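# Structure assessment
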Amino acid sequence: MGGTFDPIHYGHLVTAEEALVQFNLDRVVFMPTGVPVRKTHRTVTQAEHRYLMAVIATASNPDFEVSRMEVDRPGPTYTVDTMLELRKGYGPETDLYFITGADAVWDILTWKDSEKLAGVCTFIAATRPGYDLSKFSAEDASRLHIEFMEVPALAISSTDIRCRIAERRPVRYLLPEAVATYIAKNDLYPGGA
Ligand code: NAP
């Protein structure tokens, strides 16, 4: 499950749990990005903070784990590098899925080695209610192995949470309390989105 997770919230956790059940997965590995390739418009929070927030948020679920693979890899983060490394580690017998937001799936498919990626994993593209799926043709979805999954809890967004924190509005019930405490303790998001 890839994401910038800046910060991780209940929408991400519900997405992971839903994918686990719907696709009968053994476990979900949360993979915070190191240096996101497309985030030039804003400063992304230090990878170590994003990694630690993911660890805190997932600690109580035995089916969830967090990987440092992308955080520790130098240079921009490309999903194809990650999936090839995972394929090598788990071997050819293991079915791999890449779970993330539908817009991010679209980005990956249009930018880097999409055909190669489709040969390595199935994509699970999570959508918010009302998401317009028309940019994905049925032919692309089938050729590139994309499954769609609507997640009502994805009405929660990291951007909204960053704005709320900057404006001192409540974030309780949008993300785990321990993550909110970590954010306050480290004074993350003073300037919002
Ligand atoms: P993003 O553009 O910040 O997010 C796009 C949308 O997807 C946002 O609405 C976001 O909501 C949502 N989203 C992101 N991660 C999600 C998750 N795990 N579950 C459910 N919704 C999620 O996306 P990003 O975080 O930068 O990238 C997502 C993943 O795609 C990362 O693993 C990244 O490395 C990969 N990616 C790879 C390439 C490439 O290889 N060329 C290009 C783009 C992205 P929130 O803001 O609330 O999370």
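Quick notes on the rules
Residues numbered from 1 in each chain as written. Predicted model: local features only at pLDDT ≥ 70, side-chain atom pairs only at ≥ 80, totals over all residues. Heavy atoms only, no water. Phe/Tyr/Trp six-rings, centres within 6.5 Å; stacked < 30°, edge-to-face > 60°. Helix = DSSP H or I, 4+ residues; strand = E, 2+ residues; numbered from the N terminus. Buried < 20%, exposed > 50% of the residue type's maximum accessible area, 1.4 Å probe, protein only. Lys NZ or Arg CZ within 6 Å of the ring centre and 35° of its normal. Expected span 1.5 Å × (residues − 1). Contact = heavy atoms within 4.5 Å. Pairing = 2+ DSSP bridges. Axes fitted to C-alpha atoms, helices over the stretch in contact; angles between N-to-C directions.

Applying the stated rule across the entire model yields 6 aromatic pairs. Ring geometry for Phe 5 and Phe 30: centres 5.9 Å apart, planes at 45°, overall tilted. Highlighted residues: Phe 5 in the loop between strand E1 (2-3) and helix H1 (10-22) and Phe 30 in strand E2 (residues 28-32), separated in sequence by 25 residues. Assigned by exposure class, Phe 5 and Phe 30 land together as buried. Each member of the aromatic cluster is reached from another via a ring pair, and the members are Phe 5, Phe 30 and Phe 64. Across from the ring centre of Tyr 51, 4.7 Å away, lies the NZ or CZ of Arg 68, which sits over that ring.

Below, the discussion takes up helix H2 (residues 47-58). An ideal rise of 1.5 Å per residue puts 16 Å on 12 residues; H2 measures up with 17 Å between its terminal C-alpha atoms. Of all the positions in H2, only Ala 47, His 49, Arg 50, Tyr 51, Met 53, Ala 54, Ala 57 and Thr 58 are classed as buried. Where the residues of H2 are buried, they touch H1, E2, strand E4 (64-66), helix H3 (69-72) and helix H9 (177-185).

Relative to the helices and strands, Asp 107 is located in helix H5 (residues 102-111). Residue Asp 107 is classed as partly exposed on the basis of its relative accessible area, which comes to 26%. Separated by 69 residues in sequence, Asp 107 and Arg 38 have C-alpha atoms that sit 8.9 Å apart.

Below, the discussion takes up the sheet that holds E2. Strand order in this open sheet of 3 strands is E1-E2-E4, and the pairing throughout is parallel. Strands with a single pairing partner mark the edges of an open sheet, and in this sheet they are E1 and E4. Sheet topology places E2 next to E4; 3 bridges connect them, and they run parallel. Bridge pairing links Val 28 to Phe 64 in E4. Across the sheet, H1 touches E2 and E4, and the angle it forms with E2 is around 145°.

A separate point is the side chain of Ser 158. You can see Ser 158 is positioned in helix H8 (residues 158-166). Residues contacting Ser 158, with those up to four places away along its chain left out, are Asp 6, Pro 7, His 9 and His 12.

It is worth spelling out the sheet that holds strand E8 (residues 146-150) at this point. Paired through their backbone hydrogen bonds, the strands of a sheet run either parallel or antiparallel. The strand order E6-E7-E8 describes an open sheet built from 3 strands, whose pairing is parallel. On the outer flanks of this sheet lie strand E6 (97-101) and E8, each paired with one strand and no other. Across the sheet, the axes of successive neighbouring strands diverge by a mean angle of 25°, strand direction being ignored. Pairing between strand E7 (residues 122-127) and E8: 5 bridges, direction parallel. Within the sheet, the bridge partner assigned to Ile 124 lies in E8 and is Glu 147. Packing against the sheet, H1 makes contact with E6, E7 and E8, and its axis sits at approximately 120° to E8.

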